[in-house]
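Coordinates in review
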Amino acid sequence: MEQQRKYPKFDGFYSIIKAEEDYSKNYNRISNYLKNFDLSNVEKKDRNVLVEIKKSFPPIMSRDSEFKLTKISNAELNQIPDDKLFVYLIHRYKYEIYPKKKILDEYPPYLQIEPTSICNFRCTFCYQKNKEFHSKSKGHMGHMDLDLFKRVVDLAENKVQMISIASRGEPTLYKNFVEMLDYCSNKFLVLKINTNASLLTEKKIHAILRNGVSTIVFSADAADAELYKKLRINGDLKKVKKNIELFHKIKNSDYKSSNIITRVSGVKVNEDQNSLDMEKMWGDLVDQVAFVNYVPTENVYEMDENSITDPCSDLWRRMFIWWDGKVNPCEIDFFSKLEVGNVRNKSLSEVWNSELYKKYRKKHINNERVKIKPCNRCQVT
């Protein structure tokens, strides 16, 4: 088996610019907060987490701390009120540190919900170009029933604080997009949406801005129309830019107090993509401009087996819920070969702590991911 490059999930950014680099304000805020916080008001298991966090914030700020501020968490902290600060710190710690220590909590630190698996693009680096996947006859395509979406939100509220509305499909294609966001309103500390921005309308933009979405990521991979078109098949850069300009205009005119984080993020596929060109094009419209590392997983099932033994961090970090209620350990397994349950008849905790899920984790810990397909072809750790 061929030893291949590894792609750590935690550090997936190739570059990120325009993000706040000065961490001192939030570092001091956290330090003072923890110094004066009454731990007796917190449940015992979370109290222990806060004790560990406190150890990670010594009097002198250290970038070598196990749990430290990042460009992402530093920006998110600016959205968090003081009375919710300890909740955010606990959930962020579980998201960042539990996967490293292989600690299994009652609930996943992060939940990714797929309202639809359908996409209007066929990007060169995405499994949507797989004809078997997007063929309606194969049963992979569909929209989540709104009642099922509400059930998932009800199961997650006050249990999981970090949610992404995204996965295999384009969220704005969801027929109940507005109703979905209305139901999510102010129920989670971190609520993120990923979109290719091609289908944004005034109605959808208002739904995003009025319902407390904390981060919206506009997926765009180039500042050049021809290069964009080559990477995002069916995409039109001019249209996408017009829609992001509309978002920017509505936000600044109707939601002046909104602290939503806006980011244009592309997949770094080749050397023709230039970070400075991206900043020049998008910098006045969004808070952050980024590239994420390209991971060759557009058809993981046909990749050669490798000998990577490092456990996949997503097994302790994030759980994926598809449009039909299926729960999957990752989105790279887009055919759901590793399905671990269904939220139609099980709770989040039941699935997250199921025997099958634990079996996958155990194999990864015991250097046996090579025995699980498609884990034995994947390069994400």
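Preceding block: the structure.
Quick caveat: nothing in here was measured; it's all calculated off a predicted structure.

**Some words on the environment of Glu106**
Relative to the elements of secondary structure, Glu106 occurs in the loop between helix H5 (98–101) and strand E2 (110–113). A C-alpha to C-alpha distance of 31 Å links Glu106 and Asn28, two positions 78 residues apart in sequence.

**Some remarks on the sheet that holds strand E4 (residues 190–195)**
Spatial strand order, E1-E7-E6-E5-E4-E3-E2-E8-E9-E10: 10 strands in an open sheet with mixed pairing. In the strand order of this sheet, the two ends are held by strand E1 (13–17) and strand E10 (341–342), each with one partner. By the bridge criterion, 4 bridges tie E1 to strand E7 (residues 288–293) in an arrangement that is antiparallel. Each residue of the ladder has a partner; that of Ile16, found in E7, is Ala290. On the sheet, helix H7 (residues 146–156) packs against E2, strand E3 (162–165) and strand E8 (318–321) and is oriented at approximately 175 degrees with respect to E2.

**Overview of a negative patch on the surface**
On the surface, a cluster of negative charge is made up of Asp224, Glu226, Glu271, Asp272 and Asp277. Along the polypeptide, Glu271 turns up in the loop between strand E6 (261–268) and helix H12 (275–282).

**Considering the pattern of salt bridges**
For the structure on display, the rule yields 15 salt bridges. Lys101 is paired through a salt bridge with Glu66; the nearest N and O atoms lie 3.6 Å apart. One end of the pair, Lys101, is in helix H5; the other, Glu66, is in the loop between helix H2 (44–55) and helix H3 (71–77), and 35 residues separate them in sequence. Of the charged contacts, one joins Glu305 and Arg377 as a salt bridge, the two residues approaching to 3.7 Å between their closest N and O atoms. Highlighted residues: Glu305 in the loop between E7 and helix H13 (314–317) and Arg377 in the segment after helix H15 (355–365), separated in sequence by 72 residues. In this structure Glu305 comes out as partly exposed when scored by relative accessible area, which is 33%. Overlapping salt bridges, with partners in common, bring together Lys45, Asp46, Lys94 and Asp105 in one network.

**Notes on the packing of aromatic side chains**
Tallied over the entire structure, the rule returns 15 aromatic pairs. Aromatic ring contacts, followed pair by pair, group Tyr127, Phe133, Tyr301, Phe334 and Phe335 into a single cluster. Of note, Lys187 hangs over the ring of Tyr183, and the distance from its end group to the ring centre comes to 3.6 Å.

**Points about H2**
Over its 12 residues, H2 runs 17 Å from end to end, which matches the ideal 16 Å to within 8%, given 1.5 Å per residue. Turning to H2, its buried residues number three or more, namely Asp46, Val49, Leu50 and Ile53. Buried residues of H2 fall within an arc of 100 degrees about the axis and therefore sit on the same side. The exposed set on the far side of H2, more than 90 degrees from its buried face, consists of Lys44 and Lys55. Against helix H1 (24–36), helix H4 (85–96) and H5 lie the buried residues of H2.

**Remarks on helix H8 (residues 177–184)**
Turning to H8, its buried residues number three or more, namely Phe177, Val178, Met180, Leu181 and Cys184. In a view along the axis of H8, the buried residues occupy a sector of 160 degrees, so they form one face of it. Those residues of H8 hidden inside the fold are in contact with H7, E3, E4 and helix H9 (202–210). Taken from the residues just after H8, Asn186 is the one with a positive phi, measuring 55 degrees.

**Regarding the side chain of Arg92**
Along the chain, Arg92 turns up in helix H4. Residues within four places of Arg92 in sequence aside, it is in contact with Phe67, Ile72, Ser73, Glu76 and Met162.

**What to know about the pairing of E3**
Burial of the side chains of E3 extends over both faces: Met162 and Ser164 are buried on one face and Ile163 and Ile165 on the other. With 4 bridges connecting them, E2 and E3 associate as parallel partners. Paired with Ile113 across the strands is Ile165, a residue of E3. In this fold, E3 hands off to H8, which returns the chain to E4; that crossover is right-handed.

**Let's talk about the packing of H8 against H9**
It is at 9 Å that the axes of H8 and H9 come closest, and there the two elements cross at 10 degrees. In terms of orientation, H8 and H9 fall into the roughly parallel class. Within the contact between the two elements, H8 uses Phe177, Val178, Leu181 and Asp182 and H9 uses Lys203, Lys204, Ala207, Ile208 and Arg210. Taken together, the residues that form the contact of H8 with H9 break down as 5 nonpolar, no polar and 4 charged.

**Quick notes on the environment of Asn306**
Mapped onto the fold, Asn306 is located in the loop between E7 and H13. Here the alpha-carbon distance between Asn306 and Lys18, two residues 288 residues apart in the chain, equals 37 Å. Among the polar contacts listed, one links the side chain of Asn306 to the backbone nitrogen of Ile308, at a separation of 3.0 Å. At 3.5 Å, the side chain of Asn306 forms a polar contact with the backbone oxygen of Arg377.

**A closer look at the pairing of E6**
The side chains of a regular strand alternate between the sheet's two faces. Burial analysis of E6 places 8 of its 8 residues in the buried class, the great majority of the element. Both E6 and E7 contribute to a ladder of 6 bridges, which runs parallel. Along E7, the bridge assignment pairs Val267 with Val292. In this view, the connection linking E6 to its parallel neighbour E7 by way of H12 has right-handed handedness.

The rules behind each value
Numbers given for residues are sequential positions, taken from 1 along each chain in its written order. Selection of residues for local features in this predicted model requires a pLDDT of at least 70, selection of side-chain atom pairs for listing and counting requires 80 or more, and totals for whole chains, interfaces and linings are taken over all residues. Excluded from the side-chain calculation are hydrogens and water; included are all heavy atoms of the structure. Numbering of helices and strands starts at the N terminus; helices are DSSP runs of H or I of at least 4 residues and strands are runs of E of at least 2. Note on pairing: DSSP must find at least two bridges between two strands before they are called paired. By definition, residues are in contact when any of their heavy atoms lie within 4.5 Å. Fitted lines through C-alpha atoms serve as axes, helices being fitted only where they are in contact, and the angles separating the N-to-C directions of these axes extend from 0 to 180 degrees. For patches, a residue must show more than 30% relative accessible area and have no salt bridge; joins then use 9 Å for like charges and 5 Å for nonpolar side chains, namely Val, Leu, Ile, Met, Phe, Trp and Tyr. Computed with the Shrake-Rupley method and a 1.4 Å probe, the accessible areas treat only the protein chains shown as cover for residues. Counted as salt bridges are all cases of a side-chain nitrogen of Lys or Arg within 4 Å of a carboxyl oxygen of Asp or Glu. As used throughout, the charge tally considers Lys and Arg to be positive and Asp and Glu to be negative, leaving His and the chain termini uncounted. For charged residues, the charge sits on one atom: NZ in Lys, CZ in Arg, CG in Asp, CD in Glu. Exposure classes here rest on a 1.4 Å probe applied to the protein chains alone. A residue is buried below 20% of its type maximum, exposed above 50%, and partly exposed in between. Aromatic pairs are defined between Phe, Tyr and Trp rings, using the six-membered ring for Trp, whenever the two ring centres lie within 6.5 Å; interplanar angles under 30 degrees are classed as stacked, those over 60 as edge-to-face, and all others as tilted. Charges are assigned to positions over rings by a cutoff of 6 Å between ring centre and Lys NZ or Arg CZ, combined with an angular limit of 35 degrees from the ring normal. Multiplying 1.5 Å by the helix residue count minus one yields the expected span of that helix. In this description, one arc is meant: the one made by directions from the helix axis to the C-beta atoms. Place the viewer so that the strands point away; then a crossover is right-handed whenever the path from the first strand over the helix to the second strand goes clockwise. For this classification, under 35 degrees means roughly parallel, over 145 means roughly antiparallel, 65 to 115 means roughly perpendicular, and everything else is oblique. Throughout this entry, Asp, Glu, Lys and Arg are counted as charged residues, while Ala, Val, Leu, Ile, Met, Phe, Trp, Tyr, Cys and Pro are counted as nonpolar. The remaining residues, Gly among them, count as polar. We define a polar contact as two N or O atoms separated by no more than 3.5 Å, with the added condition that, inside protein, one atom must be a possible hydrogen donor and the other a possible acceptor, whereas residues neighbouring each other in sequence contribute only through side-chain atom pairs.

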